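Overview (structure and organization)
What follows is the residue order along each chain.
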Amino acid sequence: MEAYVKGDDAAFERLFGLLAPSLRAFFLRSVGNVADAEDLMQTTLLKVHGARDHWRRGERLRPWLFTIAARVRIDWLRRKGRVLEEQAGEEDPPQPVALADEGDGFLARERAERVRAAVDSLGEPQRTIVHLHRFEGLTFAEIGRVLGLSEGAAKLRAFRAYEQLRQLLRDLVAEGAA
């Protein structure tokens, strides 16, 4: 990022290669549509380009980047008329299904699909926090800054999200403890 801020155009290509997969995954989890996720990723990278002089040397890049991405996501959701409030408790959560006792590869794919579906069933704010925490490795303080929350609020939302995931996947959690 330092090289890019100093005007090294090749540095942007390296940054793009490193950051695009994370941004794409972040947006895909939020919008569920590849075309929209790609558009939002491009919008974010354009905003990064425009704001590169505001990045402070020595600052962690991912929290700064995801702050921009989160704002792009919020703007998109507002344009689409979506509500960003917690949705937990509004619907009956999906019930776990029994896993077939077949090969390890099948079971691993089945578990991965169940986990993905459970994460996707979370409300938008919780899903975003889980993504930033588990997949992007941001701390709760960083997530709070990214989303405009206190660290405590980010922790509380994460706790609720992880608790909901434990309930949705309780048979897998019990299986792992055995």
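The structure under discussion appears in the preceding block.
This report concerns the structure included in the present document. (Residues numbered from 1 in each chain as written. Predicted model: local features only at pLDDT ≥ 70, side-chain atom pairs only at ≥ 80, totals over all residues. Heavy atoms only, no water.)

This part covers the overall build of the protein chain. Helix and strand counts for the protein chain come out as nine helices and zero strands. Order of helices (α) and strands (β) in the protein chain, N terminus to C terminus: α-α-α-α-α-α-α-α-α. For the protein chain, the residues scored as buried account for 35% of the 178 residues in total. Contacts in the protein chain between residues at least 24 apart in sequence constitute 64% of all its contacts with a sequence separation of at least 6. Counting only carbon and sulfur atoms, one obtains 52% of the accessible surface of the protein chain, whose full area is about 10500 Å². (Helix = DSSP H or I, 4+ residues; strand = E, 2+ residues; numbered from the N terminus. Buried < 20%, exposed > 50% of the residue type's maximum accessible area, 1.4 Å probe, protein only. Contact = heavy atoms within 4.5 Å. Areas by Shrake-Rupley, 256 points an atom, 1.4 Å probe, with all protein chains shown as cover.)

As a rule of thumb, soluble globular proteins bury nonpolar side chains together. Within the largest apolar cluster, 45 residues are counted, with the highest numbers of intra-cluster contacts made by Leu-23, Phe-27, Trp-64, Phe-66 and Leu-132. For this core, the secondary-structure elements that each account for two or more residues are α2 (9-31), α3 (34-51), α4 (61-80), α5 (104-121), α6 (124-135), α7 (140-147) and α8 (151-168). No other element matches the 10 residues that α4 contributes to this core. With sequence-adjacent residues up to four places away left out, Leu-132 is seen in contact with Phe-26, Phe-66, Gly-137, Leu-138, Ile-143, Val-146 and Leu-147. (Core = buried A, V, L, I, M, F, W, Y, C linked by side-chain atoms within 4.5 Å.)

For α2, the principal kink sits at Leu-19 and spans about 40°; a proline, Pro-21, occurs within the next four residues. Among all positions in α2, only Ala-11, Leu-15, Leu-19, Ala-20, Ser-22, Leu-23, Phe-26, Phe-27, Ser-30 and Val-31 are buried. Those residues of α2 hidden inside the fold are in contact with α1 (2-5), α3, α4 and α6. Between the side-chain oxygen of the N-cap and the backbone nitrogen of Ala-10 there are 3.0 Å, and the N-cap of α2 in question is Asp-8. Of the residues flanking the end of α2, it is Gly-32, one or two places downstream, whose phi is positive at about 70°. (Bend = angle between axes of the 7 residues up to and from the residue. Polar contact = N/O pair within 3.5 Å; in protein donor to acceptor, adjacent residues only side chain to side chain.)

Here we take up α8. The terminal C-alpha atoms of α8 lie 26 Å apart, and with 18 residues this matches the ideal 26 Å at 1.5 Å per residue to within 8%. Considered for burial, the residues of α8 that qualify are Ala-154, Ala-158, Ala-161, Tyr-162, Leu-165 and Leu-168. Looking straight down α8, one finds that the buried residues subtend no more than 115° of arc, so they occupy a single side. (Expected span 1.5 Å × (residues − 1). Arc of directions from axis to C-beta.)

Contact pair α2 / α6: the axes reach a minimum separation of 10 Å and the direction vectors enclose 155°. Comparing the axis directions of α2 and α6 gives the class roughly antiparallel. The interaxial crossing formed by α2 with α6 has right-handed handedness. In this structure, α2 contributes Ser-22, Ala-25, Phe-26, Arg-29 and Ser-30 to the contact, and α6 contributes Glu-124, Arg-127, Thr-128, His-131, Leu-132 and Phe-135. Looking at side-chain class alone, the contact of α2 with α6 contains four nonpolar, four polar and three charged residues. (Axes fitted to C-alpha atoms, helices over the stretch in contact; angles between N-to-C directions. Parallel < 35°, antiparallel > 145°, perpendicular 65-115°, else oblique. Left-handed = near helix turned anticlockwise from the far one by under 90°. Nonpolar A, V, L, I, M, F, W, Y, C, P; charged D, E, K, R; others polar.)

From the geometry alone we can't say anything about function, so treat these as descriptive.
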